[in-house]
Amino acid sequence: MYLKTQRTIIRDFYMADVPALQEIFGDAQTMQYLEPPYDIEKTEKFIREFCIEKSGAFAIVDQADGKLMGYLLFHLYDGESETYEIGWVFHKAYWRQGYAYESCVRMISHAFSEMSVRKILAETIDPMKSVGLMEKLGMKLERIEKQKTKDLDGNWTDLYCYSLSKEEYQAKNNKEGRNYGI
């Protein structure tokens, strides 16, 4: 995979990305709504097995300096043939600057125009930042699974499930006269 946005490059991960991804996944604040921070061994295994061997996620790189900014999950959802899951984790130095939105818009555009993707899903326990981005991407709330999972403090929390179909995406683009990401 190699896609460009105005400011980023979406590309395959390499083992050389381990230190940069460790800087992201090893940070407790960044991982607050995901899982406990990774150590270097877990990051290395994750890149090798999930990102590279399974092609489950892509690196987001700053076009200006080549630095790894974040991680973009994009893979088949639970074995469904035309449904993909999307997710993102960015280094906190890049938060609130539109990079996640820009990267997700490009991936969604690519998925619906160049791949056989029918539907894109996203899930989170973060009812503020992540839900806000999902809605900005045009995703609609499918369901809230009450007390579905535990947060990092061991408290039961809700899981917010959002989706965007190819038809919804095309209708939105036609209505607004846009062609996102191309």
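Residues numbered from 1 in each chain as written. Predicted model: local features only at pLDDT ≥ 70, side-chain atom pairs only at ≥ 80, totals over all residues. Heavy atoms only, no water.

Visitor: Looking at this structure, how should I read the overall build of the chain?
Guide: Within the chain, the regular secondary structure consists of five helices and eight strands. N-terminal to C-terminal, the α/β element order of the chain is β-β-α-α-β-β-β-α-β-α-β-β-α. A compact globule built from 182 residues should have a C-alpha radius of gyration of about 16 Å, and the chain, at 16 Å, falls within 12% of that. Dimensions along the principal axes, computed over C-alpha positions, put the chain at roughly 45 × 40 × 30 Å. Total accessible area on the chain stands at roughly 9800 Å², and carbon and sulfur atoms take up 48% of it. Separation of charge centres in the chain, based on 24 positive and 29 negative side chains, amounts to 5 Å. (Helix = DSSP H or I, 4+ residues; strand = E, 2+ residues; numbered from the N terminus. Rg over C-alpha atoms; globule rule 2.2 N^0.38 Å. Areas by Shrake-Rupley, 256 points an atom, 1.4 Å probe, with all protein chains shown as cover. Lys, Arg positive; Asp, Glu negative; His and termini not counted. Charge placed at Lys NZ, Arg CZ, Asp CG, Glu CD.)

Visitor: It is not clear to me how the environment of valine 61 should be interpreted in this structure. Could you clarify?
Guide: Locating valine 61 in the fold gives a position in strand E3 (residues 57–62). Linking valine 61 and threonine 8, residues 53 residues apart in sequence, is a C-alpha distance of 5.5 Å. With sequence-adjacent residues up to four places away left out, valine 61 is seen in contact with Arg7, Thr8, Ile9, Arg11, Gly66, Lys67, Leu68 and Met69. (Contact = heavy atoms within 4.5 Å.)

Visitor: What is the right way to read the nonpolar core from this model?
Guide: Proteins that are soluble and globular tend to have nonpolar side chains buried together. Counting 32 residues, the largest nonpolar core has Ile86, Trp88, Ile120 and Met139 as the members making the most contacts within it. Mapped onto this core, the elements with two or more residues apiece are E3, strand E4 (68–76), strand E5 (83–90), helix H3 (99–114), strand E6 (119–124), helix H4 (129–136) and strand E8 (156–165). Broken down by element, this core gets its largest block of residues, eight residues, from H3. Counting residues in each nonpolar core, the second largest holds 19 residues, with Val18, Leu21, Ala59 and Val61 among its members. (Core = buried A, V, L, I, M, F, W, Y, C linked by side-chain atoms within 4.5 Å. Buried < 20%, exposed > 50% of the residue type's maximum accessible area, 1.4 Å probe, protein only.)

Visitor: What am I meant to see in the environment of threonine 8 here?
Guide: With respect to the helices, strands and loops of the structure, threonine 8 is situated in strand E2 (residues 8–11). Engagement of the side chain of threonine 8 in a polar contact is seen with the side chain of threonine 5, the distance being 2.6 Å. (Polar contact = N/O pair within 3.5 Å; in protein donor to acceptor, adjacent residues only side chain to side chain.)

Visitor: I tried to follow H3 on my own but got confused; where do I start?
Guide: Residues separated by three or four positions in an α-helix point in the same direction, a consequence of the helix having 3.6 residues per turn. Along its 16 residues, H3 runs 22 Å from first to last C-alpha, staying within 8% of the 22 Å computed at 1.5 Å per residue. Most of H3 is tucked away, with 13 of its 16 residues classed as buried. (Expected span 1.5 Å × (residues − 1).)

Visitor: Would you take a moment to explain the packing of helix H1 (residues 18–25) against helix H2 (residues 40–53) for this structure?
Guide: Helices that pack against each other are described as a pair by the angle of their axes relative to one another and the distance between those axes. One can describe the packing of H1 onto H2 by two numbers: an axis separation of 9 Å at closest approach and a directional angle of 115°. The crossing of H1 and H2 is right-handed. Touching Val18, Leu21, Gln22 and Phe25 of H1 are Ile40, Thr43, Glu44, Phe46 and Ile47, all from H2. For the contact of H1 with H2, the residue count by class is six nonpolar, two polar and one charged. (Axes fitted to C-alpha atoms, helices over the stretch in contact; angles between N-to-C directions. Left-handed = near helix turned anticlockwise from the far one by under 90°. Nonpolar A, V, L, I, M, F, W, Y, C, P; charged D, E, K, R; others polar.)

Visitor: Would you mind showing me how to read the pattern of salt bridges here?
Guide: Charged atoms that come close allow side chains of opposite charge to pair. Counted by the stated rule, this structure contains 11 salt bridges. Measuring nitrogen to oxygen at the nearest pair gives 3.9 Å for the salt bridge that ties glutamate 23 to lysine 67. Of this pair, glutamate 23 sits in helix H1 while lysine 67 sits in the loop between E3 and E4, and the two are 44 residues apart along the sequence. A single salt-bridge network, built from bridges that share partners, covers Lys119, Glu142, Arg143, Glu145 and Lys148. (Salt bridge = Lys/Arg side-chain N within 4 Å of Asp/Glu carboxyl O.)

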